[in-house]
Amino acid sequence: MRILHTSDWHLGQNFMGKSRQAEHQALIGWLLTQVQNHAVDAVLIAGDIFDTGTPPSYAREMYADLVVRLHAAGVGLLLLGGNHDSVATLRESSALLSVLSTHVYPAATAPESHVRVLPSRVAGQPGCIVCAIPFIRPRDVVTSEFGQSAQDRQQQLLAAIKQYYQGVYDAACAKRDELAQQTGQRLPIIATGHLTTVGASSSESVREIYVGTLDAFPTSEFPPVDYLALGHIHKPQKVGGHEHIRYCGSPITLSFDELGQNKQMLLVDLDESGLQSVTELPVPIFQPMMSLRGDLGYMTDALPRIAAQTEAGQTTWLEVTVTTDDYLADLPARIQKLVEGQRLEVLRIRRERGQTLAQLQDNGG
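As the structure is a computational prediction, the values presented were derived from the model and not from experiment.

Participant: Which parts of the structure should I look at to understand the sheet that holds strand S1 (residues 2-6)?
Facilitator: The strands that make up a sheet pair up through hydrogen bonds in the backbone, lying either parallel or antiparallel. Read from one edge to the other, the open sheet built from six strands follows the order S6-S5-S4-S1-S13-S14, with strand pairing classed as mixed. Edge positions in the sheet fall to strand S6 (102-105) and strand S14 (274-282), since each of these pairs with one other strand and no more. For this sheet, the mean angle separating the axes of adjacent strands, direction not counted, is 20 degrees. Bridge count for S1 against strand S13 (residues 264-271) is four bridges, and the pairing is antiparallel. In the sheet register, His5 faces S13, and the bridge partner there is Leu266. Against the sheet, helix H2 (residues 57-72) makes contact with strand S4 (42-46), strand S5 (76-80) and S6, and its axis sits at roughly 150 degrees relative to S5, the strand it touches most.

Have a look at this one:
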């Protein structure tokens, strides 16, 4: 069984006034190619499919396009709600999408309803069992009590999330035993999650809402699944050094402080004995971005050089931090004049007082 693990697409994101529509459309095309080239059985998106609870119409169209094209390719799709996603928006089309080999889990409900058997693509036989757990909102698993301290609420929530994961895992084990009696095959069990775990590092584009008042969920409290597919943190990483607990990260750069990250999706191979391998698939850069820091002299030299490196037909988005001891009222105008007529667009200008060394960080182009 081969699963493609991705998360945090943020369809419909408005990035400093810029649409990401072209990037996401290119991403969908790239994903379909990878699915075919690597014989993927199912795609799993671990939350934050949309950037807001009321995504623009073009984002909904891309969402539908992804569903239809994967179904046409014979590939299953598992969608988990994230903290950016609206439960109502994801739920409204879930029954229809189930006919198109797509299963949507907008919010935490009864644990047994979150067990999903994913079939292999070719034979159509059961390939693995998923504990399909989306972003867990406190109201889904706990009841507030009058007079509770913040620490008490945090401990109550931690215990409730642990109990919820265990409940879904127990239901998955029961399903595995049932199928083993019928087929003689012992299926691997994976789980999903959209939350922050202890030891994970984030970025400025990660909204600081994890699970209610809970800052991070301890990895030791997850059930012993064969693979844990996580979303919410945009930086790809193993959690606590565990090979089987992974954030795949966002597939495109969602903030300037994510520059330099190797954006990727993960190919997860499993069989009856459990996890076999996790292979990183680097995602191409569809929109070049750069962050520059230095004085005006440095900007005067660097900006034409960056423009010359930008491929024809593309425009590099820039964040510019100018280091100077003087207050320059016309700083934005000076920077804009430097990029005028170039394949460059300045999205953010910052001032930084004091002399510092010029630095350059890029996202390709």
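That covers the picture; the talk isn't over yet.
Participant: Looking at this model, I keep getting lost on helix H8 (residues 331-339). Mind explaining?
Facilitator: Within an α-helix, residues lying three or four positions from one another point in the same direction, as the helix has 3.6 residues per turn. Taken together, the buried positions of H8 are Leu331, Ile335 and Val339. For H8, the angular spread of the buried residues around the axis is 70 degrees, confining them to a single face. Taken together, the buried residues of H8 touch helix H7 (296-309), strand S16 (316-323) and strand S17 (344-352). Gly341 occupies a position one or two residues after H8 and carries a positive phi of about 80 degrees.

Participant: Any chance you could explain the sheet that holds strand S12 (residues 242-247) here in plain terms?
Facilitator: The mixed open sheet is built from six strands, whose spatial order is S7-S8-S9-S10-S12-S11. Here the strands that pair on one side only, and so sit at the sheet edges, are strand S7 (115-119) and strand S11 (237-239). Mean inter-strand twist for the sheet, computed between neighbouring axes without regard to direction, equals 35 degrees. Where helix H6 (residues 150-183) meets the sheet, it contacts S7, strand S8 (126-131) and strand S9 (189-194), and its direction lies at approximately 160 degrees from that of S8.

Participant: I keep staring at the packing of aromatic side chains and nothing clicks. Help me out?
Facilitator: For any pair of aromatic rings, the description consists of the separation of the ring centres together with the inter-plane angle of the planes. On inspection of all chains with the given rule, the structure shows six aromatic pairs. Judged by centre distance (5.1 Å) and plane angle (50 degrees), the ring pair of Phe50 and Tyr63 falls under tilted. Within this pair, whereas Phe50 is found in the loop between S4 and H2, its partner Tyr63 is found in helix H2, the two being separated by 13 residues in sequence. By the burial criterion, Phe50 is buried, and Tyr63 matches it. Among the aromatic residues, ring-to-ring pairing joins Phe15, Phe256 and Trp317 into one connected group. Of note, Arg20 hangs over the ring of Phe15, and the distance from its end group to the ring centre comes to 4.9 Å.

Participant: What exactly am I supposed to notice about the pattern of salt bridges here?
Facilitator: Should the charged atoms of two oppositely charged side chains come close, the side chains can pair. One pass over the full model with this rule turns up 15 salt bridges. For Glu92, the salt bridge goes to Arg60, with nearest N and O atoms at 2.7 Å. With a gap of 32 residues between them, Glu92 in the loop between helix H3 (87-91) and helix H4 (94-98) and Arg60 in helix H2 connect regions that are remote in the sequence. The exposed category is assigned to Glu92, whose relative accessible area is 56%. With relative accessibility at 33%, the residue Arg60 sits in the partly exposed group. The salt bridge partner of Arg293 is Glu352, with a shortest N-O separation of 2.8 Å. Here Glu352 lies in strand S17 and Arg293 lies in strand S15 (residues 289-294), a separation of 59 residues in the sequence. Three or more residues joined by partner-sharing salt bridges are found here, namely Lys238, Glu243, Arg246 and Glu280.

The rules we used
Residues numbered from 1 in each chain as written. Predicted model: local features only at pLDDT ≥ 70, side-chain atom pairs only at ≥ 80, totals over all residues. Heavy atoms only, no water. Pairing = 2+ DSSP bridges. Helix = DSSP H or I, 4+ residues; strand = E, 2+ residues; numbered from the N terminus. Axes fitted to C-alpha atoms, helices over the stretch in contact; angles between N-to-C directions. Contact = heavy atoms within 4.5 Å. Buried < 20%, exposed > 50% of the residue type's maximum accessible area, 1.4 Å probe, protein only. Arc of directions from axis to C-beta. Phe/Tyr/Trp six-rings, centres within 6.5 Å; stacked < 30°, edge-to-face > 60°. Lys NZ or Arg CZ within 6 Å of the ring centre and 35° of its normal. Salt bridge = Lys/Arg side-chain N within 4 Å of Asp/Glu carboxyl O.

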